[in-house]
Amino acid sequence: MSPEQIAEILKARFGDAVIAADMGAHPQVIVAAGHWPEVARFLRDEPALGFNMLRSITAVDRPAEHVLEAVYDLLAMTPPEGAPDGYWTARHAFAVRIRVDRGDPHIPSVADVWPAADWHEREAYDLLGIVFDGHPDSVEDHDGLHPRRILCPDDWAGHPLRKDYVFPIEYHGIPGTTEYETPNPVH
Amino acid sequence: MARDVLLESVPDLRADLDRESMAAADVRTEEMLVNMGPQHPSTHGVLRLVLRTDGELVLDAVPHIGYLHRCAEKIGENLAPYQFIPKTDRLDYLAAMNNNHVFSLAVERLAGVEVPERARYIRIIMAELNRIASHLVSFGTYGLDMGAFTPFLYAFREREMILDLFEAACGARLTYSYITIGGVTHDLPDGFVERCREFLDYFEPKIDEYNRLLSYNQIFIKRTGCVGVIRPDEAIAWGLTGVCLRASGVRWDLRRCLPYEIYDRFEFEVPVGLPPGGVPPVPAGVPAPKVPAGTCVGDCWNRYFLRMIEMYWSVAIVRQALDGLPAGDYRSKVPRNLKLPEGEVYFEGENPRGQLGFLIVGDGSPIPYRVKARGPSFCNLSIARRICRNCLLADIPAIIGSIDVVMGEVDR
Amino acid sequence: MQAIRGEDILKPRWDPALRSRALRAVCRGCLGALAGAAAGAAVARLGLRGHPVAVLLLVVVPLGLAALAAVAGGLIVLAGPIGRALRRFAAPVFWGAVIASVLLIWGVAELMGFVGELARVDPVPEAVTAFGGPLTTGELRESLRGPGRFVLLSGLLWPLQFGVVRDLVVVAGVVAFVSVFAMFAIWWERKVSARIQSRLGPMRVGGWHGWAQSLADGIKLLGKEDLIPAGADRPLFCLAPYLAFVPALCGFIALPFGAYWVFRNLDVGLVFVLAMVGVEVIGVILGGWASNNKWSLYGAMREACQMVSYEIPMGMALLVVVTAAGTLNLTEIGELQKSGWASWLAFRNPFTFVACFLYFVAALASCKRAPFDLPEAESELVAGFMTEYSGFRWCLFFFAEYAAMFIVSGLATTLFLGAWYSPLPVRWGAVLAEGGLLSRAVHGLVFCGPLWFVAKCILLIYVQMWIRWTLPRVRIDQVLYACVQVLLPLTMLALLGQSLWELLVPRGSALGLAANAITSAIGAVLVMGAVGAAAYGRMNRRRLVGSLAVEHLPGA
């Protein structure tokens, strides 16, 4: 099935939830955050689509447009017909992009649709600050209810991959930089 | 895959991630919270596993990662692609050629760079040789985890020869930065083809020797057979790739299913996990291995054994590539400030540990806007909590070792 | 900048000031000791009428100290030339040291026997220490032909008439033997493991294949900082290594190296040795507990399970031999096997043959050797119960392990493999046993003697090392499964079979002789096969390793 056809199916099913489609080198649709779980379930369970593998969740920071994006790369792997020992086929590959406001980024978690999303969502929160609501490994602290950080320490402040991230001056007594005047020194 | 079966794997996740149950204050007196790592002889790098144990029985194992996080993706937003190649070396430092290869392919796809034929063949040769080297490390360290000290030395003896070949080609033994945008940085040195063939002829019989030493050893089978079983639907749902996925019976390999580079010109089979008595495909002229009793599809033994069989096929691919190596350029002319067009590309390649993926977002300048590395070990390790449950303490190194994580690409 | 030569790095260099200070101190000590000896001689002669104890304490001891100081001074002065000579003639020095120590042990044993005879004490000490009658130095001097002229020699030999002193000498000898053997075994394990792993092992220290490596490691370990973890239980932490090492030493009390080469010929010798091997468990458990470390605790708990469980099949396999021999006295069991290969108790009947292998497997587990080395499993438990130990304490645990290996091999040798007798029947060399020193030496080398015992033990230890470096580790539940559900039933069956055999098959009957002959033949075939395989491997080692490896690997 071609990416255009997939986009058509989605648009037909979900209407306004599918905001746009981009059929360039990385075919994808842009989905509204609120409807994302049902779209995800549909993508996985619909026999014609059958996207069973979530390959990656990439979070991108676009301060110019004041959005944070999460790109979900999906793959539909089908078992071989007839010969059970044969090679599985890649039916189609697709991506879904979700854009949320940079000030208050919330995307519902799809960890119950694809368990692979668990760690990817934790990383997206950790490095870019997208809060995935309903994540199974969530913690409550002064930042609210959010997925537990995965790469940075649990008490780290800030989201390092954001474009306006300033590396902290010190962390538990360890100096973060020797150039205290300039936050982003250029050599 | 029925929806119920997929969901079946998820409710545990929700119930057992009850934070209170992991707090030390709530641990019952018979239970012990033991810390395995970050410095530990068997965690294959800086991985911290917090185990809740009742004697020797492990009730829960929570992996904590991030000890090797070096902000590679942030660095990727400040360097041109050809400058980022050395950073990709350090992702999965045991398969540096493969990392370079996948990243170069991703950038070439985004920027539309053509690669000469000779460079393609050289890249395949290096990638497959590195696959052999990486699998040798995995085999050796897995034996070490299981208490068999000797296979480690044999594996490294063979690996030294591959590293000598790499050193001859590019001067480095571990982090090569050899495969780059548009081809490879240097042509193959004189005599490389002969020495490579010599090595392959020497090495191929060794794999059978290793099988007889370790794979079919009853103690080893007892330690790893039917331990840490992953069902195929679980494997796909959790995003496992590479050997971890294939051991569960899913015959999926990007080199065959979504061929990239020139893998479609080579004849090779991809082995998959088999029940006892099964015979995995091996190249002609090699003693046929048989899956012994006491194992099952998707267990640690199958994950380990598939790496041995893959080494046979990597040898076959390198032989074919050496035979078909054309003359020509080793690199196409790529400008230093190669402009990455607006848009993005997501490309995955088959690394020894799974599928390494790069999502590169270009914004028209030579520096990418965003580089995301999808490390195969990152996704493979996420299932650890699920399968390291109700097993014995001695099974933890068996399971982690069979997943074969390299923390470099888990933490990036 | 001067180019650095490889030899410069290897040459030890003394700080000249330190060297001269050491030399001065040694010279002063030597002269002082000589003066003290002279003064003591005067006092002993004039004041104490030459009483032997006085001579010993006031003359011999200072002279000994002076001699030590002189040797130390000589070593300091000649350290360079000696080191170079050692490296150049390392192989002859090594083998010479081995032969010299063997001769020394033999000489001391002969002297003790001689003096003991003179003092009219039974040369084979009874279970109760015989104090011995007071023998004067005068009588000693008369009996010693020639060298007896010198007061010193008879003064030195005078204490040997007392059983206590003889016991002390033997204990010192046992401790020395165990230490030297442990050092040898550690070096040898490193060489064996290296060769199995396609490496070389120690090659530098001492020159010839790094034979002094253990010595150097021992000196290094003695100099290490004494670390005790913060929350550790200090008294228990310090006690644990000794609780592991001393029982291993005690096992040597009843272990016979030869017909008269046993410290105490206990009637329940077998049970005593097994008990000593079992007491070691306490040391291991204490070490794990007192370390205040969860990983050590795991190691200790696994060790407790494993060692204690495997005592049962071990003991039962040995019981098989006891029913065949009819005694628990190790010397008597050894004496039963003096008629050559076929008389060895392993080949008495199929049940003892099987019991030999069962005992060996159980002994591997009891010694914590791979494949049963969970308690010290490096990949899971860092170092198990030894994690927090460093320096000398770790050294003691290590020595205890090798001492236990020797004891366990010693038991196997004594009970199954002909003790200190060679495969040749002893009566063939009976004429040699009566002759002078030289013919007795030949007799010892060829027919029976402690060297055979030690050689067989070393062979068994080599097999243990071979197994360790080949097989992976067994999980704890599988270890216990193997013990209780595999080894124990098999040993019980062997014991049952052996008991029935003893009851129903008369000694010397056709069935007995046939079984003996067949098992001896099988044993001989196995040994010949092993020797043949080793020879084949050695002759074809280049071809077997592979063509590329010969060019690229050193020493292959």
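Refer to the structure above for everything that follows.
Now for a quick tour of the structure. Owing to the predicted nature of the structure, the values given are computational and were not obtained by experimental measurement.

Thresholds applied
- Residues numbered from 1 in each chain as written.
- Chains lettered and ligands numbered in written order.
- Predicted model: local features only at pLDDT ≥ 70, side-chain atom pairs only at ≥ 80, totals over all residues.
- Heavy atoms only, no water.
- Helix = DSSP H or I, 4+ residues; strand = E, 2+ residues; numbered from the N terminus.
- Rg over C-alpha atoms; globule rule 2.2 N^0.38 Å.
- Buried < 20%, exposed > 50% of the residue type's maximum accessible area, 1.4 Å probe, protein only.
- Contact = heavy atoms within 4.5 Å.
- Areas by Shrake-Rupley, 256 points an atom, 1.4 Å probe, with all protein chains shown as cover.
- Lys, Arg positive; Asp, Glu negative; His and termini not counted.
- Charge placed at Lys NZ, Arg CZ, Asp CG, Glu CD.
- Core = buried A, V, L, I, M, F, W, Y, C linked by side-chain atoms within 4.5 Å.
- Phe/Tyr/Trp six-rings, centres within 6.5 Å; stacked < 30°, edge-to-face > 60°.
- Patch = residues over 30% accessible without salt bridge, like charges linked within 9 Å, V, L, I, M, F, W, Y side chains within 5 Å.
- Salt bridge = Lys/Arg side-chain N within 4 Å of Asp/Glu carboxyl O.
- Buried area = accessible area lost by both parts, 1.4 Å probe.
- Polar contact = N/O pair within 3.5 Å; in protein donor to acceptor, adjacent residues only side chain to side chain.

### Observations regarding the overall build of chain B
Assigned secondary structure in chain B consists of 18 helices and 9 strands. In terms of overall dimensions, chain B is globule-like: its C-alpha atoms have a radius of gyration of 21 Å, near the 22 Å expected for 412 residues. When its C-alpha atoms are laid out on the principal axes, chain B stretches across 70 × 50 × 40 Å. Classification of the 412 residues of chain B by burial places 67% in the buried group. In chain B, 71% of the contacts between residues at least 6 apart in sequence involve partners at least 24 apart. Taken as a whole, chain B presents about 12800 Å² of accessible surface, with 52% of it coming from carbon and sulfur. Between the averaged position of the 46 positive side-chain charges in chain B and that of its 53 negative side-chain charges there is a distance of 2 Å.

### Examining the overall build of chain C
Counting its secondary structure elements, chain C contains 23 helices and 0 strands. Sorting the 556 residues of chain C into buried and exposed places 44% on the buried side. If you take every contact in chain C between residues at least 6 apart in sequence, the share linking residues at least 24 apart comes to 76%. Per element, the accessible surface of chain C, about 27400 Å² overall, is 72% carbon and sulfur.

### Some thoughts on the nonpolar core
Counting residues in each nonpolar core, the largest one holds 181 residues, and the members touching the most others are W36 and Y72 of chain A together with L129, Y178 and F358 of chain B. A total of 15 residues in this core trace back to one element, the largest contributor, which is helix α14 (residues 300-323) of chain B. Excluding residues that lie within four positions of it along the chain, L129 of chain B makes contacts with I162, L165, F166, F192, C196, F199 and V318 of chain B. In this structure, W344, A355, F399 and A419 of chain C belong to the second largest nonpolar core, which totals 98 residues.

### Observations regarding the packing of aromatic side chains
Residues and elements named next belong to chain C. Counted under the stated rule, the structure contains 54 aromatic pairs over all chains. Between F177 and F252, the aromatic rings sit 6.3 Å apart at their centres with planes inclined by 70 degrees, giving edge-to-face as the arrangement. Taken together, the positions of F177 in helix α8 (residues 163-196) and F252 in the loop between α10 (234-250) and α11 (269-290) put the pair 75 residues apart, joining distant regions of the chain. In textbook terms, an aromatic cluster arises when at least three aromatic residues are bridged by ring pairs, as seen for F177, F181, F184, W187, W188, F252, F257, F406, F453, Y462 and W466.

### What to know about a positive patch on the surface
A surface patch of like charges, here positive, comprises R195, R538, R541 and R542 of chain C. Of note, R195 of chain C is situated in helix α8.

### Description of the interface of chain A and chain B
Between chain A and chain B, the residue contacts involve 53 residues of the former and 53 residues of the latter. Taken together, both faces of the contact between chain A and chain B bury some 4600 Å²; the carbon and sulfur share is 61%. Considering only the surface of chain A that becomes buried against chain B, Y87, W88 and W119 of chain A emerge as the three largest contributors, covering 18% of it. The interface formed by chain A and chain B holds 5 salt bridges in total. One salt bridge in this structure joins K372 of chain B and E123 of chain A, with 3.6 Å as the shortest N-O distance. Counting the contacts that link chain A with chain B gives 17 residue pairs in polar contact (both at pLDDT 80 or more). Listing elements by their share of the side of chain A that touches chain B, those giving two or more residues are α2 (36-45), β3 (53-62), β4 (67-78), β5 (89-101), α3 (117-128) and β8 (138-141) of chain A.

### Things to note about the environment of S365 of chain B
All names here are of chain B. With respect to the helices and strands, the residue S365 is situated in the loop between β7 (354-362) and β8 (370-374). Relative accessible area serves as the criterion here: at 25%, S365 is assigned to the partly exposed category. Those residues within four positions of S365 in sequence are excluded, and the remaining contacts are L338, K339 and L340. Only 2.9 Å separates the side chain of S365 from the backbone oxygen of I367, close enough to count as a polar contact.

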